[in-house]
Amino acid sequence: MGGKQPDESAPAVAGKETGARRVLRAFRPEGTRVRAGSVEVGGPGFVVMAGPCAVEGLEQVDRTAAAVAQAGAHVLRGGVFKPRTSPYAFQGMGEPGLHLLAEAGRRHGLPIISEVMETAQIPFMAESSDILQVGARNMQNFSLLRALGKVRRPVLLKRGLSATVQEWLLAAEYVLEGGNEQVMLCERGIRTFETEMRNTLDLAAVAWAKQRTHLPVIVDPSHATGLVDLILPMSLAAAAAGADGLLIEVHPRPEQALCDGNQALTPERFQTLMQRLPPVLDAVGRHLWRPESPAQVVRAR
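What you see is a predicted model, and the numbers here were worked out from it, not measured in a lab.

## Some details on the overall build of the protein
Part 1 of the reasoning: When helices and strands are tallied, the protein shows 9 helices and 11 strands.
Part 2 of the reasoning: The C-alpha atoms of the protein give a radius of gyration of 18 Å, which matches the 19 Å a tight globule of 301 residues would have.
Part 3 of the reasoning: Along the three orthogonal principal directions, the C-alpha set of the protein runs to about 60 × 45 × 40 Å.
Part 4 of the reasoning: If you take every contact in the protein between residues at least 6 apart in sequence, the share linking residues at least 24 apart comes to 71%.
Part 5 of the reasoning: On the protein, roughly 13500 Å² of surface is accessible, and the fraction owed to carbon and sulfur atoms is 53%.
Part 6 of the reasoning: The average position of the 33 basic charges and that of the 31 acidic charges among the side chains of the protein differ by 3 Å.

Following this line, the structure appears as structure tokens:
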């Protein structure tokens, strides 16, 4: 019984490879552009998704949405189902929180992104969310990935805590293989021996994924570092490395946040970040995403 384990990188059937295919740049040399509401991700425009780690209530999510919209963000993020390490930590508001997030997005003209944790949540999450996020802990939840392959909603796939780049790409392959071509990769830091930061932000993986795949790549410096003072420099570094956008945590009162307050920017610090991005983007031939015309700023649901 202790024989050699099968090598998953080897062909399972003669003449048929099991490695990534649909995610590779050769499959779509022109690259993939993902539409989220009226926003396009993967073109020359750099997209910023910002909002609270978790939706906590009407006042909190509306204040945050107003602040990030005013600062120039393009998508409102917010968790309503929270996979927490401790069962005693705040687990999110669930479906009522999703309605609050969607209402705040509509009021402030922002598409929304929120995490889906299991297949049973997909129908109502897809009804209200413009982008469905797969969190790091679910990167290899293959039942969920297969189900998302049948949904016609963009999917943002976060890299797992200890996942290799190849495992990350093969997870995306599950969604693409199911027929959903609207997939974005998200680098959110990996677990290493380093303990000063929450995770280690792997910007080399961002540049590698941009070169080798046709999918847009987003960077989450909030989870990658866990330290509010590192979010601005790592965001600028991500832009310089070729990322297509950012996923940033913002809270009007981080010290009172029910989830990850130590890595949430205040609205003022987020505005500073948005002001610092354009020169870096300009240096690499990019710019902050902007609609071609005012009529484009509409929610496409």
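So, next bit.
## Comments concerning the environment of Thr 18
Part 1 of the reasoning: Looking at the secondary structure, you find Thr 18 in the segment before strand 1 (34-36).
Part 2 of the reasoning: The exposure class of Thr 18 is partly exposed, given its relative accessible area of 35%.
Part 3 of the reasoning: Once the C-alpha coordinates of Thr 18 and Leu 170 are considered, the two residues, 152 residues apart in sequence, prove to be 9.3 Å apart.

## A short note on the layout of surface pockets
Part 1 of the reasoning: Roughly 260 Å³ of internal volume is contained in the second largest pocket.
Part 2 of the reasoning: As for the second largest pocket, its lining consists of 18 residues, and the residues nearest its centre are Lys 82, Pro 83, Arg 137, Arg 198 and His 223.
Part 3 of the reasoning: Here the residues of the lining of the second largest pocket are counted per class, giving 4 nonpolar, 5 polar and 9 charged.

## A look at unusual backbone geometry
Part 1 of the reasoning: Of note, Asp 260 is a non-glycine position whose phi angle comes to about 55°, a positive value.
Part 2 of the reasoning: Judged by its relative accessible area of 17%, Asp 260 is buried.

## A few points about empty space enclosed by the protein
Part 1 of the reasoning: This model, assessed by the stated rule, comprises 1 cavity of 30 Å³ or more.
Part 2 of the reasoning: Approximately 40 Å³ is the volume attributed to the largest cavity.
Part 3 of the reasoning: If you trace the largest cavity, you find it lined by Arg 77, Gly 78, Gly 79, Lys 82, Ile 113, Ser 114, Glu 115 and Gln 133.
Part 4 of the reasoning: Considering each element in turn, the lining of the largest cavity owes the most residues, 3 residues, to strand 5 (residues 112-115).
Part 5 of the reasoning: Of the residues contributing to the lining of the largest cavity, the split by class is 1 nonpolar, 4 polar and 3 charged.

## Quick word on the UniProt feature "domain: DAHP synthetase I/KDSA" (unreviewed entry) in the protein
Part 1 of the reasoning: This chain's UniProt record puts "domain: DAHP synthetase I/KDSA" (unreviewed entry) on residues 43-274.
Part 2 of the reasoning: For the annotated span residues 43-274, helix accounts for 39% and strand for 15% of the residues, and the straight-line distance between the end C-alpha atoms is 19 Å.

## Things to note about the pattern of salt bridges
Oppositely charged side chains may form a pair once their charged atoms are brought near each other.
Part 1 of the reasoning: Counted according to the given criterion, the structure contains 15 salt bridges.
Part 2 of the reasoning: Across the salt bridge formed by Lys 158 and Asp 220, the nearest N and O atoms sit 2.7 Å from each other. Of the two residues, Lys 158 sits in strand 7 (residues 155-158) while Asp 220 sits in the loop between strand 9 (217-219) and helix 7 (221-225), which places them 62 residues apart along the sequence. There is no split in this pair, since Lys 158 and Asp 220 are both buried.

## Describing the pairing of strand 5
Part 1 of the reasoning: By the alternation rule, side chains of strand 5 split into Ile 112 and Ser 114 and Ile 113 and Glu 115, which are all buried.
Part 2 of the reasoning: As paired strands, strand 4 (residues 75-77) and strand 5 are joined by 2 bridges and run parallel to one another. Its bridge partner lying in strand 5, Arg 77 is registered against Ile 113.
Part 3 of the reasoning: Note that the unit made of strand 4, helix 2 (residues 95-107) and strand 5 has a crossover that is right-handed.

## Examining the packing of aromatic side chains
Part 1 of the reasoning: Inspection of the entire model under this criterion finds 2 aromatic pairs.
Part 2 of the reasoning: With a centroid separation of 6.2 Å and 55° between ring planes, the pair formed by Phe 81 and Phe 124 is classed as tilted. Here Phe 124 lies in helix 3 (residues 122-128) and Phe 81 lies in the loop between strand 4 and helix 2, a separation of 43 residues in the sequence.
Part 3 of the reasoning: Where Phe 142 meets Tyr 174, the ring centres are 4.6 Å apart and the plane angle is 25°; that geometry is what we call stacked. Taken as a pair, Phe 142 in helix 4 (residues 142-148) and Tyr 174 in helix 5 (residues 165-177) lie far apart in primary sequence, 32 residues in all.

Conventions we followed
- Residues numbered from 1 in each chain as written.
- Predicted model: local features only at pLDDT ≥ 70, side-chain atom pairs only at ≥ 80, totals over all residues.
- Heavy atoms only, no water.
- Helix = DSSP H or I, 4+ residues; strand = E, 2+ residues; numbered from the N terminus.
- Rg over C-alpha atoms; globule rule 2.2 N^0.38 Å.
- Contact = heavy atoms within 4.5 Å.
- Areas by Shrake-Rupley, 256 points an atom, 1.4 Å probe, with all protein chains shown as cover.
- Lys, Arg positive; Asp, Glu negative; His and termini not counted.
- Charge placed at Lys NZ, Arg CZ, Asp CG, Glu CD.
- Buried < 20%, exposed > 50% of the residue type's maximum accessible area, 1.4 Å probe, protein only.
- 1 Å grid on protein atoms, 1.4 Å probe; cavity = no way out; pocket = protein on both sides within 12 Å on 5 of 7 lines; lining within 4 Å.
- Points joined across faces, edges and corners; volume = space filled by probe spheres on them.
- Nonpolar A, V, L, I, M, F, W, Y, C, P; charged D, E, K, R; others polar.
- UniProt positions renumbered as here; feature names shortened; annotations may be inferred.
- Salt bridge = Lys/Arg side-chain N within 4 Å of Asp/Glu carboxyl O.
- Pairing = 2+ DSSP bridges.
- Right-handed = clockwise from strand over helix to strand, strands pointing away.
- Phe/Tyr/Trp six-rings, centres within 6.5 Å; stacked < 30°, edge-to-face > 60°.

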